[in-house]
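# Results of the structural survey
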Amino acid sequence: MKKVVKFGGSSLANAEQFRKVGEIIREEEDRRYVIPSAPGKRFEGDTKVTDMLYTCYRTAAAGEDFGNQLKAIKERYYEIIRGLNLDLSLEEEFAVIEKNFRDLAGEEYAASRGEYLNGKVMAAYLGYEFVDAAEVIRFHADGSFDADTTDRLLGERLSKAENAVVPGFYGAEENGKVRTFSRGGSDITGSLVAKAIFADMYENWTDVSGFLVADPRIVKNPEIIETITYRELRELAYMGATVLHEESIFPVRKLGIPINIRNTNCPSDKGTLIVESTCRKPRYTITGIAGKKGFCSINIEKSLMNGEIGFGRKVLQVFEDQGISFEHMPSGIDTMTVYVHQDEFEDKEQQVIAGIHKAVEPDCVEMESDLALIAVVGRGMRSTRGTAGRIFSALAHASVNVKMIDQGSSELNIIIGVENRDFETAVKAIYDIFVMTQM
Ligand code: ASP
C-alpha cells in the first residue's frame, strides 16, 4: 500500500502540531509521501506564513526595508525547529530568499517559500528525502499547469524515493521560474502526487473531521459525512461547502483513488471518504445540504413561447454577451426564468433587460432579487421514494415559501429557491427531517 498524506497549515502551525503529524505518519508505514502546507495560524487572529510572505514581498517590491518582516517569518520556522529539537539551520535558505526578494523574483516565488521551508523542516524531522516541487511540478510559460510533464516528472522522481516530502502549492516553469496554484493549492499537489505514483489512498489532514452534512453556522453540531462520491462533492462544493480545493479532486478521480479527509487534532476519527462510486448507502438518504444567498431571477413571459424555436438560445445569448453565467433555468409553457448571481447581474441589469426585449420581444420581464438556492444532494435519492415529499413537507411546516424547484436528471440533487430571509430556516428544516428524525 502507498499513501500520500497532505497536511494543511493549521496542522503544521507550530512544534506541537508537527509532533501530532509525526505521530500520524509514523503510525503507518504506508504513509510514504508527505505534502506539507506552510505553517498556518497558531491561534485566532494569528497570520499564516503565506500571508506574511506576500506582505513581506510587497514591501520589498515597493523598495522599502523588509528586514524585520523577513525576520518574523524566519522566527516562525525557528520556533518549530527549536520546539522539535532539530539540528537544522535555514540560514542559507533565508540568505537566498532575501537576495531573491531584492532581485524581485516575483510574488509567486515569495509565496512558495512557505511550503518550501516547511518541507525542509518536515524532511529533517521525519528523516525523509526532500524533493523540491520546482523540479517535479511543471507549469507552462503562461502560468497554466502542465499536467502531462508533471505526471512524468513526479512518477520518475518518486519511483526512486522510498519516502519523500514534496512541498505543496508550487512548481516551476521549465526555465525554473516558480509558479503557484491558487490559494489552498497544496491540496492539488497532494492529488498530483497520488496520481503519479498510483497511490492507494490520498489522505488530506486538516482541522475538521470531514465534510459536514450541513453548515455548522446554521445547524448546531451537524453530523459528518462518512462517504461521499466525487459527483456529490462537486454539487456541494459548488454551493459553498469548502474543505478541499475544488481542483484537487480531478487528478485522483480519473484513477479512482479515494481521498480521505482526516483531522490532525482527532486522528481516531475516520473522517470523510471521497470515492468515485460506492454501494455504501448514505446514512440519511441525503448526503449533504449546502446553499448560497444572493441570487436573482429574471422571469420572461411571452404568449406562444413554446412554439418559437430558438427562444431559449436567444435569451441566453443576451446573458452570454454581458458575461453573466446563469445558474438555473426552470421553464413553463409561456415562461422561462433565469437565475443568476445578484452581484454579477446588478451592474448590467438594464443592458440585459434591453437585450432580452430586442432579442425575443417578450410580453413582460419581471425580476426578483434576494433569493437563496439550496442544494439537497444525495446518491441515495434515486432509490428512495418520497425524498422530495419529505423536503417540501418539512419546508411547509417551517412556513418557508418555495420559489423554485429543480431536480437534475441525474437524481443526485434537488435545488430549491427560497427568499434569502428563509434560507437558514429552510436548511435547518431539511436537516432535521432527514438527520434528526432518521426515517
Ligand atoms: N499556503 C498556501 C495558502 O495559504 C497553500 C495551502 O495552504 O494549500 O493558500
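Definitions and cut-offs
- Residues numbered from 1 in each chain as written.
- Predicted model: local features only at pLDDT ≥ 70, side-chain atom pairs only at ≥ 80, totals over all residues.
- Heavy atoms only, no water.
- Helix = DSSP H or I, 4+ residues; strand = E, 2+ residues; numbered from the N terminus.
- Contact = heavy atoms within 4.5 Å.
- Areas by Shrake-Rupley, 256 points an atom, 1.4 Å probe, with all protein chains shown as cover.
- Lys, Arg positive; Asp, Glu negative; His and termini not counted.
- Charge placed at Lys NZ, Arg CZ, Asp CG, Glu CD.
- Salt bridge = Lys/Arg side-chain N within 4 Å of Asp/Glu carboxyl O.
- Buried < 20%, exposed > 50% of the residue type's maximum accessible area, 1.4 Å probe, protein only.
- Near = heavy atom within 4 Å.
- Polar contact = N/O pair within 3.5 Å; in protein donor to acceptor, adjacent residues only side chain to side chain.
- Nonpolar A, V, L, I, M, F, W, Y, C, P; charged D, E, K, R; others polar.

Time to look at the overall build of the chain. Across its full length, the chain holds 15 helices and 16 strands. Judged by the C-alpha coordinates and their principal axes, the chain covers about 75 × 50 × 40 Å. Of the contacts formed within the chain by residues at least 6 apart in sequence, a portion of 74% connects residues at least 24 apart. When the accessible surface of the chain is summed, it comes to about 20400 Å², and 47% of that surface belongs to carbon and sulfur atoms. Between the mean site of the 53 positive side-chain charges and the mean site of the 68 negative ones, the chain shows a separation of 4 Å.

On to the pattern of salt bridges. If you walk through the whole model with that rule in mind, you get 34 salt bridges. Put simply, R82 and E75 hold a salt bridge, and the shortest N to O gap is 2.6 Å. A residue is classified by how much of its surface remains accessible, and E75, at 37% relative accessible area, is partly exposed. Where E223 meets R283, a salt bridge forms, and the shortest distance between an N and an O atom there is 2.8 Å. Taken together, the residues span a long stretch of sequence, with E223 in the loop between strand 7 (201-206) and strand 8 (227-229) and R283 in the loop between strand 10 (272-275) and strand 11 (288-301) at a distance of 60 residues. For E223, a relative accessible area of 29% corresponds to the partly exposed category. The network of salt bridges with shared partners includes K3, E27, E28, R31, E203 and R262.

It is worth spelling out the site of the ligand at this point. S37, K48, T50, E115, F169, R183, G184, G185 and S186 make up every residue found near the ligand. Contacts to the ligand include S37, whose side-chain N or O atom sits 3.1 Å from an oxygen atom. Between an oxygen atom of the ligand and a main-chain N or O atom of G184, the distance comes to 2.8 Å. Contact with the protein chains removes 92% of the 260 Å² of surface that the ligand exposes when unbound. Classifying every residue of the shell around the ligand by side-chain character gives one nonpolar, five polar and three charged.

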